[in-house]
Amino acid sequence: MIALIIVLGILALLVIFFIGTYNSLVVKRNRVQNGWHQIDVQLKRRIDLIPNLVETVKGYAAHEKAIFERIAEARSLAINAKGPAESAKANNMLSDTLKTLFAVVENYPTLKANENFMKLQEELTATENKIAFSRQFYNDVVMDFNNQIQMFPSNVVAGMFSFKAGEFYTVPEAEREAPKVKF
Amino acid sequence: MAPRRHLYQLIARNKLSTGLFIILFSIILGVIGLALGSAMRWGTGYYVMFGLFVVVYNLVLYFNSDRIALAVNGARAADPAEYAQLHNIVEEVAIAAGLPKPGVYVIDTDSPNAFATGRGPKHASIAVTRGLLEILDREELQGVVAHELAHVRNYDILLMTVVAIIGGLIILFRDIFLRWGFFFGGGRRRRDSDRGGGQAQLILVLVGLVLAILAPILVALIRAAISRQREYLADASGAYIVRNPHGLAGALAKLGQSTEKLRTASNATAHMFITSPFAKDRGESANWFASHPPLADRIARLNSLTLSEEDADPDLTTKTPRH
């Protein structure tokens, strides 16, 4: 009798552990998806801002054609990128070309003082920051999720329901450095 | 994630302190009300009314304390077009902290300062003064907003706001009772031989005197609860949220140079702000009753933080300060 109660108790505990772990894994997976969605929203916002910015700069510096072409190219790559890894690569390229653009703008004081340009610059700075911060937040949640998937005993539950580890949104070393600009 | 428990412990402790403060003040109110009622020999109707008042007062305190705090400081909602940069900064820091975007308010004064208020992360507001927007650059403003959002995330805001309003009410009641007692009672004393009037005025003066003694003790309690450690912690976690301690350090340095006093602030609300609203208190030496740690010390601590992606959240790893 006592043995039966103990066995039932252990079984009940196991069931509770399974349900708890499964639910916590689902919550974390949703958090990862939501985090990715947040990055995506900001990346799209930046893509939408760029044509306006390019038009404004063109009004003052129409002959800087090479840079406009590179921005257009990087922008279309970013639009068509799929998944965190590919998107990270394309958008890092876009960030680099934008940095070059702002470095070029330094040579046009009247453009820098243009109110429309200043507004666009603030919007773009804010969007860049939001991208960086949502990426930082996304990587934090991915790490939390992956830890639970890989650690014992929750990895057993994760394996049974085939939870897959999240993909980190990586920043290449080059982006951490100041932009290198040649004139 | 075992270290995350420290953040939950901190939040749980803040909620508990808030509850204790609300209950403590309700008891004080109840004692005053009962003493007044029995001394004046008022009937059952009075006690029912008084009970209702205490209930309504607590509901207002819990659900509207943020609006009261904003109104008392003359904060108005920041126009998204006029204050586009401020809105952008609040949005981006909220993303970094993983919180919903709080309400954004501006206080029209030259004195540079900022505070956060609300019930919790889902009902939070941040207010900054016009003077702050004028002297800080983008990075510094971001640091200040991150400090305020750290208070939001830690549930410091509800405790700080409730304590400010209770402190303000105590001072208000003390003034009312003392004035009633001396003016109304005092003027009637010679002409009126009615003993009830004389007794009532005595009670009012006594209650006023008790409150007068209680007020400074309560202010000391506030100082203990809203420990200066909380400011260090919000500095550190703010710097962690944006992964940059230099913005906030630069902002604090500029705030230290300002000599403008914040007109709307009082002793009851001083602890809500990012730096003391009284210019003379921003000096170097810390005294027992100071609401904030010395600025030079806060800046030094921020500058000693060298943050990298691998560094752990100070809220999650350091033990919460003991009071």
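Here the structure is shown first, and the text comes after it.
Now for a description of the structure that goes with this document. Starting afresh in each chain, residues are numbered from 1 along the sequence in its written order. By the order in which they are written, chains take letters starting at A while ligands take numbers starting at 1. Predicted model: local features are reported for residues with pLDDT of at least 70 only, side-chain atom pairs are reported and counted for 80 or more only, and whole-chain, interface and lining totals are derived from all residues. Heavy atoms from the whole structure form the basis of all side-chain values; hydrogens and water molecules are not counted.

Here we look at the overall build of chain B
Cut-off, in case you're wondering: Every helix listed is a DSSP run of H or I at least four residues long, and every strand listed is a run of E at least two residues long, numbered separately from the N terminus. Remark: exposure states derive from per-residue accessible area (1.4 Å probe, protein chains only) relative to the maximum for the residue type, with buried under 20%, exposed over 50%, and partly exposed in between. A contact between two residues is defined here by any heavy atoms of the two lying within 4.5 Å. Surface accessibility follows the Shrake-Rupley procedure with a 1.4 Å probe radius. Residue values consider only the protein chains on display as shielding.
Each helix and strand counted, chain B has 11 helices and four strands in total. Burial status across chain B gives 53% buried among its 323 residues. The long-range share in chain B, meaning contacts at least 24 apart out of those at least 6 apart in sequence, stands at 71%. Just so you have it, chain B exposes about 15300 Å², and 62% of that area is on carbon and sulfur atoms.

Side note on the overall build of chain A
For the record, the criterion: Each radius of gyration reported is based on C-alpha atoms, and the globular scaling rule is 2.2 Å times the count of residues to the power 0.38. Only four residue types enter the tally: Lys and Arg on the positive side, Asp and Glu on the negative side, with His and both chain ends excluded. Here the site of a charge means NZ on Lys, CZ on Arg, CG on Asp, or CD on Glu.
Along its length, chain A carries seven helices and zero strands. For chain A, the α and β elements follow one another from N to C terminus as α-α-α-α-α-α-α. Since a compact globule built from 183 residues should have a radius of gyration of about 16 Å, the 24 Å found for chain A marks it as more spread out than a globular shape. In chain A, buried positions account for 38% of the 183 residues. Across chain A, the fraction of contacts at a sequence separation of at least 24, relative to all contacts at a separation of at least 6, is 76%. Between the centroid of the 21 positive side chains of chain A and the centroid of its 19 negative side chains there is a distance of 3 Å.

Some words on the interface of chain A and chain B
Applied cut-off: Buried area: the sum, over both parts, of the accessible surface (1.4 Å probe) that disappears when the two are put together. One side-chain nitrogen of Lys or Arg within 4 Å of one carboxyl oxygen of Asp or Glu is enough to make a salt bridge. Definition of a polar contact: a pair of N or O atoms within 3.5 Å, with one able to donate and the other able to accept a hydrogen when the atoms are protein atoms, and with sequence-neighbouring residues admitted only if both atoms are side-chain atoms.
Taken together, the contact pairs 15 residues of chain A with 15 residues of chain B. Buried area between chain A and chain B, summed over both chains or domains, comes out near 1300 Å², and the portion from carbon and sulfur atoms is 49%. For the pair chain A and chain B, the number of links is three salt bridges. The salt bridge involving E91 of chain B is made with K130 of chain A; its shortest N-O contact spans 2.6 Å. If you look at where chain A meets chain B, you find seven residue pairs in polar contact (both at pLDDT 80 or more). Contributions of two or more residues to the side of chain A that touches chain B are made by α1 (2–60) and α5 (115–150) of chain A.

Description of a nonpolar patch on the surface
In plain terms, the rule: Each patch is assembled from residues with relative accessible area greater than 30% and no salt bridge, linking like charges that lie within 9 Å and nonpolar side chains (Val, Leu, Ile, Met, Phe, Trp, Tyr) that lie within 5 Å.
A surface patch of nonpolar side chains, amounting to about 1100 Å² of accessible area, comprises M1, I2, L4, I5, I6, V7, L8, I10, L11, L14 and F17 of chain A. Among the residues examined, M1 of chain A registers a relative accessible area of 74% and is labelled exposed.

A short note on the environment of A158 of chain A
Residues and elements named next belong to chain A. You can see A158 is positioned in helix α6 (residues 154–160). Of the residues examined, A158 reaches a relative accessible area of 2% and is grouped as buried. For the pair formed by A158 and A74, sequence separation is 84 residues and the distance between their alpha carbons is 38 Å. Apart from the residues lying within four places of it in its own chain, the contact partners of A158 are L25, I149 and F163.

Thoughts on the pattern of salt bridges
All names here are of chain B. One pass over the structure, following the stated rule, counts 17 salt bridges over all chains. Across the pair E91 and K101 runs a salt bridge, and its minimum N-O distance is 3.4 Å. Here E91 is found in helix α3 (residues 84–97), whereas its partner K101 is found in the loop between α3 and β2 (103–107), with 10 residues between them in sequence. Between R138 and E92 there is a salt bridge; the shortest N-O distance is 3.0 Å. Residue R138 is located in helix α5 (residues 138–153), and its partner E92 is located in helix α3; the two are separated by 46 residues in the primary sequence. On the accessibility criterion, R138 (16% relative accessible area) is buried. For E92, a relative accessible area of 0% translates into the label buried. Within the structure, one salt-bridge network assembled from shared partners comprises D108, D110, R130 and E134.

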